[in-house]
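Spelled out, the chains give:
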Amino acid sequence: MQAEIKKLQKAGKKVVFTNGCFDLLHLGHISLLEKAKSMGDVLIVAINSDKSLSCLKGPKRPLSAEKDRAKLLLSLKPVDYVVVFGERTPVKILSELRPDILVKGGDYKLSEIVGKKYVKKVYRFPFVKGKSTTNLINLIISRYGAEIMQGQK
């Protein structure tokens, strides 16, 4: 991937990078990916490995395996490449890939964004109100929790 990015940049392409868990795709994710892609020519999405995601979100996650999450993301029009990283943060992969632009969700303060020294520009994308994986999980539990539990008896 490192060689591919250098080749793209040498050809004058602007490489955009974003990362996250992308455990259950929702409108907030799609909005972020569309905005990120609009900022350049090539979009790389880095996803947390299953082990990394579990460390960040707890033992009940991920809900979708990393290979499934990667395949889903690659099927989306804005996404050109997907890479998996095993660390808690993408700082190592950012230091290796050195994209032009880093796009993060609005839940991060600029001072909290790791790897910003490896890119030319950082953009914080505001959250789409009410659209998050946690909200989606809670909605499923509230609507179907009792039914699911009855089915397990």
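Okay, so let's go over this structure. (Residues numbered from 1 in each chain as written. Predicted model: local features only at pLDDT ≥ 70, side-chain atom pairs only at ≥ 80, totals over all residues. Heavy atoms only, no water.)

## Brief notes about the side chain of S31
Worth spelling out the cut-off: Runs of H or I in DSSP of at least four residues are treated as helices and runs of E of at least two as strands, each being numbered from the N terminus. Only heavy atoms enter the contact rule, under which two residues are in contact if any of them lie within 4.5 Å.
For S31, the location among the structural elements is in helix α2 (residues 27-38). Beyond its immediate stretch of four places on either side in the chain, S31 contacts F125 and V128.

## With respect to the environment of K77
Here is the rule we go by: Categorising residues by exposure relies on relative accessible area from a 1.4 Å probe, with only protein chains included: less than 20% of the type maximum marks a residue as buried, more than 50% marks it as exposed, and the intermediate range marks it as partly exposed.
Mapped onto the fold, K77 is located in the loop between α4 (66-74) and β3 (81-85). Judged by relative accessible area, which is 80%, K77 ranks as exposed. A C-alpha to C-alpha distance of 8.5 Å links K77 and E34, two positions 43 residues apart in sequence.

## A word on the sheet that holds strand β5 (residues 121-125)
Applied cut-off: A pair of strands is treated as paired once DSSP finds two or more bridges between them. An axis is simply a line fitted to the C-alpha atoms; with a helix, the fit covers only the stretch in contact. Between two such axes, the angle follows the N-to-C directions and lies from 0 to 180 degrees.
Read from one edge of the open sheet, five strands run β3-β2-β1-β4-β5, paired in parallel fashion. This sheet does not close on itself; its edge strands, each paired only once, are β3 and β5. The sheet shows a mean angle of 25° between the axes of neighbouring strands, direction not considered. When strand β2 (residues 42-48) meets β3, the two strands line up parallel, connected through five bridges. The partner of I47 across the bridge, within β3, is V84. Along the sheet face, α2 touches β1 (15-20), β2, β4 (101-105) and β5 and points at about 140° away from the line of β2.

## Quick look at α4
What sets the pattern is the α-helix's 3.6 residues per turn: residues three or four places apart point alike. To be explicit about the condition: Here, the arc refers to the directions that run from the helix axis to the C-beta atoms.
The set of residues buried in α4 consists of R69, A70 and L73. Here the buried residues of α4 occupy an arc of 100° about the axis, which is enough to place them on one side. Among the exposed residues of α4, those pointing more than 90 degrees away from its buried face are K67 and K71. Structurally, α4 contributes buried residues whose contacts are with α2, β2, α3 (50-57) and β3.

## Things to note about the pattern of salt bridges
Defined as follows: We define a salt bridge as a contact between a side-chain nitrogen of Lys or Arg and a carboxyl oxygen of Asp or Glu at a distance within 4 Å.
Enumeration over the complete set of coordinates arrives at six salt bridges. Put simply, K7 and E4 hold a salt bridge, and the shortest N to O gap is 4.0 Å. Of the two residues, K7 and E4 both sit in helix α1 (residues 2-10), three residues apart, roughly one turn of that helix. A residue is classified by how much of its surface remains accessible, and K7, at 56% relative accessible area, is exposed. Residues K92 and E96 are paired through a salt bridge, measuring 3.4 Å at the closest nitrogen-oxygen approach. One end of the pair, K92, and the other, E96, are both in helix α5 (residues 91-97), four residues apart, so they sit about a helical turn from each other. On the basis of relative accessibility, which here comes to 45%, the residue K92 falls in the partly exposed class. We classify E96 as partly exposed; its relative accessible area is 35%.

## A look at the pairing of β4
Residues in a regular strand project their side chains so that they alternate between the two faces of the sheet. A large share of β4 lies buried, amounting to five of its five residues. The alternating pattern of β4 places I101, V103 and G105 on one face and L102 and K104 on the opposite face, and all of these are buried. One ladder, built from three bridges, connects β1 with β4; its direction is parallel. Along β4, the bridge assignment pairs T18 with V103. The pairing of β4 with β5 spans five bridges and is parallel.

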